[in-house]
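# Notes for the structure review
Okay, here's what each chain looks like letter by letter:
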Number of protein chains: 2
Amino acid sequence: MENQTSPPATQPLRVAVLGSTGSIGTQTLDVIAAHPDRFSAVALAAARNATLLAEQAARFKPLLVCLGEGRVGGTGIEDALSGPEGLIEIATHPDVDLVVVATTGAAGWEPTLAAISAGKQVALANKEALVMAGSVIAVEARRRGIPLRPVDSEHSAIWQCIQGEGVGDSLLAAPKGVRKLILTASGGPFRNTPREQMEKVTPGQALAHPTWNMGAKITIDSATLMNKGLEVIEAHWLFDMPYEKLEVVVHPQSIVHSMIEFEDGSTKAQLGVPDMRVPIQYALGYPDHLPYADLPQMDWTQAFTLEFEPPDLDRFPCLGLAWEAGRKGGTYPAVLSAADEEAVRAFLDEKIDFYGIPRLVERALGAHEPITEPDLQTIREIDRDTRARVREWTRTQGSALIR
Amino acid sequence: MENQTSPPATQPLRVAVLGSTGSIGTQTLDVIAAHPDRFSAVALAAARNATLLAEQAARFKPLLVCLGEGRVGGTGIEDALSGPEGLIEIATHPDVDLVVVATTGAAGWEPTLAAISAGKQVALANKEALVMAGSVIAVEARRRGIPLRPVDSEHSAIWQCIQGEGVGDSLLAAPKGVRKLILTASGGPFRNTPREQMEKVTPGQALAHPTWNMGAKITIDSATLMNKGLEVIEAHWLFDMPYEKLEVVVHPQSIVHSMIEFEDGSTKAQLGVPDMRVPIQYALGYPDHLPYADLPQMDWTQAFTLEFEPPDLDRFPCLGLAWEAGRKGGTYPAVLSAADEEAVRAFLDEKIDFYGIPRLVERALGAHEPITEPDLQTIREIDRDTRARVREWTRTQGSALIR
């Protein structure tokens, strides 16, 4: 079971940030910098941005630094780690208490599992880890009694709402008396866009997300609602909830971050002005809501309106594909995630059109030979094979994928 | 400290319902009837409605029955209790586990205190008990380690939201890291009515509350927002929160029942289709959210909108008066409550106009000689004196109170 007591003021929580130069990573460092008595950044890892990583290292003076590709040479960091092995070394290092997994894509799930196996607390901002290897990771986390700390605003909202609701310390057990988890979705930039126009959407239009400031992959996933689909699968694993108890509601203001509905109809929601530092800080400081003056506040002296509507699965087929992959289980979610990552890349590279993304994902799911209880090696192979397959389709049939 | 484990199925919680023939009382009996394995009605008390009380007694077969005025003769109940002594006897009876205080007005606060002193659980639907004698009741409840269970939808919402937030078992200790409690108000039937029209409002218009089905006194208090003012004072005592941390937000759909805002800007809300049986059942079944098929559910497949706006203290002076009385403390809230009850009666009897209610309350507060730490006897005297004073004003100057 997780130790819920705060560390003494003389012993800040020692945090490793995997993906420290990305959107979540930099905001995690903002939170750490705001609470030097509570947190210290002892390890930083980035995939490519050597310049920013070096700046962060100079500022936070971590014990460990890792760069995925290239060198940190000339930046004063002499003994940087590198590659996937470096991430594993950080995730399992004895001087690390909590690992923030803020890498995107499949790069996150191996360090996540390594951190859990090493008995570390894990704050998870990487959707693919649970989507691809949810059965392996969830089983390992349960076995070790280490609840995963969600960083996504939606799962953080649910986590905050289930406090005191009979889940005890374990985030991985279903809360008592819950009828439904309701994930909210902003609806993305095309919430009210007719299908005909959506067919012609450019990467530039899709990257103009109205509310959250995020990386390109997640922004495109938000525009297709694949992001919400991946979150449904994540919620299934995080909260041990069957898919029929998961619901998605479009809420364009992004004020209500998600909700839980109990058997008596009572519903709890977590809300606030959108700012990723709120769920990040909660994941680090759990169970405390730490004061941090930079965080935005609701202004109750101003009138405001919150809208809710069901999602349109016809215009947003990715959401339905994710639900289908989740329900089928086994290796289907890994195929979904891998195919989506490659399809989004192809869309950003203007090799396929917007609806090419769900078409590629659907084709990958249809071509997949399922395996019911995949081990890690199987998931790795399926990830690799799916990516190769989708890249091949994109390369040879890119124009055919543009309707 | 309260025992939070559910009683075994063979030992239903033995519930006394004070005010069993009123709106909250009858809905409490609906909840009890829906869960015979969890609850049994062992005592019923009503002020005047002998016929309905007799029907309830025939159905629930309680050990004790009490009628405030008149007789239960001819109804098969031979040994009914009567008057205030009867309420105290029920509230302290050894065969009672939990007392639902659903009487309106000052009749509720003496049995509330008696029940706490006897170590009973108390589910409180009577606002005046905490408003008038909050210091005495809160101190006694803290001393006995008996958290009061709120039945008001707003306080129930806050109670549900603070679960797991460092309050432990005691509802009477302020939750950790909370910046604000935000009580929602429907705004009543005159939310958008210009002041000139509000001056001429009739009792019939004021009784047409748009959302909740309630008694006449509370309905008028909802129309003046005095109801919300009393709830602010109640929240002050229930959650040990200073007045500057209490906020009121008008929310006409009455879907969000109240909210708490933490130091990090994160806000939790409890919501649902308005139905008083939800908070009543939670107060009885705490900490469980019991399934009950009759309770309404949110329909997430339909689009809906929630509006929020600040209250207009100019058109609703009762809210400001309540806040002022609460901040001044001492005997001022008792004067507020007593004066309001008499003023509402005068309005319903068409002796004064709608704004005669705040004018009478304001005059009573202005004429009051405050006492800082009143004991029960003092509060009783102030209640009696204030009522007499307001009745006298109404009798002699009723026409002068109509502008």
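Residues numbered from 1 in each chain as written. Chains lettered and ligands numbered in written order. Predicted model: local features only at pLDDT ≥ 70, side-chain atom pairs only at ≥ 80, totals over all residues. Heavy atoms only, no water.

### Some remarks on the packing of helix α9 (residues 216-224) of chain A against helix α10 (residues 226-238) of chain A
Residue and element names in this part refer to chain A.
- At a closest axis distance of 5 Å, the pairing of α9 and α10 adopts a crossing angle of 95°. In terms of orientation, α9 and α10 fall into the roughly perpendicular class. From α9, K217, I218, D221, S222 and T224 reach across to α10, where they touch M226, N227 and L230.
- Residue composition of the contact of α9 with α10, grouped by class: three nonpolar, three polar and two charged. (Axes fitted to C-alpha atoms, helices over the stretch in contact; angles between N-to-C directions. Helix = DSSP H or I, 4+ residues; strand = E, 2+ residues; numbered from the N terminus. Parallel < 35°, antiparallel > 145°, perpendicular 65-115°, else oblique. Contact = heavy atoms within 4.5 Å. Nonpolar A, V, L, I, M, F, W, Y, C, P; charged D, E, K, R; others polar.)

### Section: helix α3 (residues 83-91) of chain B
Residue and element names in this part refer to chain B.
- Those residues of α3 lying buried are G83, G86, L87, I90 and A91. For α3, the angular spread of buried residues about the axis comes to 140°, placing them on one side. In this structure, α3 carries P84 and E85 as exposed residues pointing more than 90 degrees from its buried face. (Buried < 20%, exposed > 50% of the residue type's maximum accessible area, 1.4 Å probe, protein only. Arc of directions from axis to C-beta.)

### Here's the deal with the interface of chain A and chain B
- Residue-level contacts link 48 residues of chain A with 48 residues of chain B.
- With both sides pooled, the region where chain A packs onto chain B buries about 3,800 Å², and carbon together with sulfur makes up 53% of that total.
- On the chain A side of the interface with chain B, the three residues burying the most area are A:D264, A:H289 and A:W300, jointly 21% of the side's total.
- Remark: the boundary between chain A and chain B carries zero salt bridges.
- Applying the counting rule to chain A against chain B returns 17 residue pairs in polar contact (both at pLDDT 80 or more).
- Every element with two or more residues in the side of chain A that touches chain B is listed here: α6 (153-161), β8 (178-185), β9 (246-250), β10 (256-262), β11 (267-271), α11 (277-285) and β12 (304-308) of chain A.
- In terms of residue class, the side of chain A that touches chain B is built from 21 nonpolar, 15 polar and twelve charged.
- Direction of pairing for β11(A) relative to strand β11 (residues 267-271) of chain B: antiparallel, over a ladder of five bridges. Of the residues in β11(B), the one forming a bridge with A:Q270 is B:K268. (Buried area = accessible area lost by both parts, 1.4 Å probe. Salt bridge = Lys/Arg side-chain N within 4 Å of Asp/Glu carboxyl O. Polar contact = N/O pair within 3.5 Å; in protein donor to acceptor, adjacent residues only side chain to side chain. Pairing = 2+ DSSP bridges.)

### Points about the packing of helix α5 (residues 127-144) of chain B against helix α13 (residues 332-348) of chain B
Residues and elements named next belong to chain B.
- One can describe the packing of α5 onto α13 by two numbers: an axis separation of 7 Å at closest approach and a directional angle of 140°. The orientation of α5 relative to α13 falls into the category oblique. For the element pair α5 and α13, the recorded crossing hand is left-handed. Contacts between α5 and α13 involve E128, V131 and M132 on the former and, on the latter, P333, A334, S337 and E341.
- For the contact of α5 with α13, a count of residues per class yields four nonpolar, one polar and two charged. (Left-handed = near helix turned anticlockwise from the far one by under 90°.)

### Considering the sheet that holds strand β7 (residues 149-150) of chain A
Residue and element names in this part refer to chain A.
- The sheet built from seven strands is open, its strands ordered β4-β3-β2-β1-β5-β6-β7 with parallel pairing. With one partner strand each, in any of the chains shown, β4 (81-82) and β7 form the two edges of the open sheet.
- Of the pairings in the sheet, the one linking strand β2 (residues 39-46) to strand β3 (residues 64-67) comprises four bridges and is parallel in character. The residue bridging L44 from the neighbouring strand is V65, located in β3.
- Against the sheet, helix α2 (residues 50-60) contacts β2 and β3, and its axis sits at roughly 160° relative to β2.

### Things to note about the packing of aromatic side chains
Residues and elements named next belong to chain A.
- Under the defined criterion, the tally for this structure stands at 16 aromatic pairs over all chains.
- Ring geometry for F347 and F354: centres 5.7 Å apart, planes at 65°, overall edge-to-face. Side by side, F347 and F354 carry an identical accessibility label, which is buried.
- One Lys or Arg, K328, reaches over the ring of Y332 and ends 4.8 Å from the middle of that ring. (Phe/Tyr/Trp six-rings, centres within 6.5 Å; stacked < 30°, edge-to-face > 60°. Lys NZ or Arg CZ within 6 Å of the ring centre and 35° of its normal.)

### Here's the deal with unusual backbone geometry
Residue and element names in this part refer to chain A.
- Of note, the amide linkage connecting Y286 to P287 takes the cis form, showing an omega dihedral of 5°.
- Mapped onto the elements of the fold, P287 is located in the loop between α11 and β12.
- One non-glycine residue, E350, lies in positive phi territory at about 60°.
- Here E350 is to be found in the loop between α13 (332-348) and α14 (356-367).
- With a relative accessible area of 63%, E350 lands in the exposed category.

### Observations regarding empty space enclosed by the protein
Residue and element names in this part refer to chain B.
- Summed over the entire model, instances satisfying the criterion amount to seven cavities of 30 Å³ or more.
- Within this model, the largest cavity holds a volume of roughly 80 Å³.
- Counting residues per element, the ones that place at least two in the lining of the largest cavity are α6 (153-161), β11 and α11 (277-285).
- Per-element tally for the lining of the largest cavity: the top contributor is α6, with four residues.
- Split into classes, the residues belonging to the lining of the largest cavity amount to six nonpolar, eight polar and one charged. (1 Å grid on protein atoms, 1.4 Å probe; cavity = no way out; pocket = protein on both sides within 12 Å on 5 of 7 lines; lining within 4 Å. Points joined across faces, edges and corners; volume = space filled by probe spheres on them.)

### Quick word on the relation of the copies chain A and chain B
- When chain A is fitted to chain B, the residual RMSD is 0.0 Å, and the transformation amounts to a turn of 180° plus an axial shift of 0.0 Å. Taken together, these values place the two copies in the relation of a two-fold axis. Taking the C-alpha atom as reference, chain A places A:G164 closest to the rotation axis, 1.8 Å from it.
- Here 100% of the contact residues of chain A are again contact residues in chain B; the copies associate through an equivalent surface. (Least-squares fit on C-alpha atoms with pLDDT ≥ 70 in both.)

### Digging into the pattern of salt bridges
All names here are of chain A.
- By the definition in use, this model includes 54 salt bridges over all chains.
- Among the salt bridges present, the one from E261 reaches R179, with a minimum N-O distance of 2.9 Å. Separated by 82 residues along the polypeptide, E261 in strand β10 and R179 in strand β8 bring together distant segments of the chain.
- In this structure, R195 and E199 form a salt bridge, with 3.2 Å as the shortest nitrogen-oxygen distance.

### Digging into the domain arrangement of chain A
Residues and elements named next belong to chain A.
- When cut into domains, chain A gives domain 1 (13-151), domain 2 (152-275 + 298-316) and domain 3 (329-403).
- For domain 1 versus domain 3, the distance between C-alpha centres works out to 27 Å.
- With ten residues of domain 1 in contact, the opposing surface of domain 3 contributes ten residues.
- In terms of surface lost to domain 3, no three residues of domain 1 exceed W109, V131 and M132, which account for 53% of the buried area on that side. (Domains from an automatic or database assignment.)

### Some details on the confidence of the model for chain A
All names here are of chain A.
- The pLDDT averaged across chain A works out to 90; a share of 90% of its residues lies at or above 70.
- This model gives residues 1-5 a pLDDT under 50, and the stretch forms 13 contacts once residues within four places in sequence are excluded.
- For this predicted complex, the interface score ipTM comes out at 0.91, alongside a pTM of 0.92. (pLDDT = per-residue confidence, 0-100.)

### A short note on the pairing of strand β5 (residues 98-101) of chain A
Residue and element names in this part refer to chain A.
- Alternating positions in β5 separate into two faces, L98 and V100 on one and V99 and V101 on the other, with burial throughout.
- Sheet topology places strand β1 (residues 13-18) next to β5; four bridges connect them, and they run parallel. Paired with L18 across the bridge in β5 is V101.
- Judged from the four bridges that link them, β5 and strand β6 (residues 121-124) form a sheet pairing that is parallel. Bridging across to β6, V101 finds its partner in L124.

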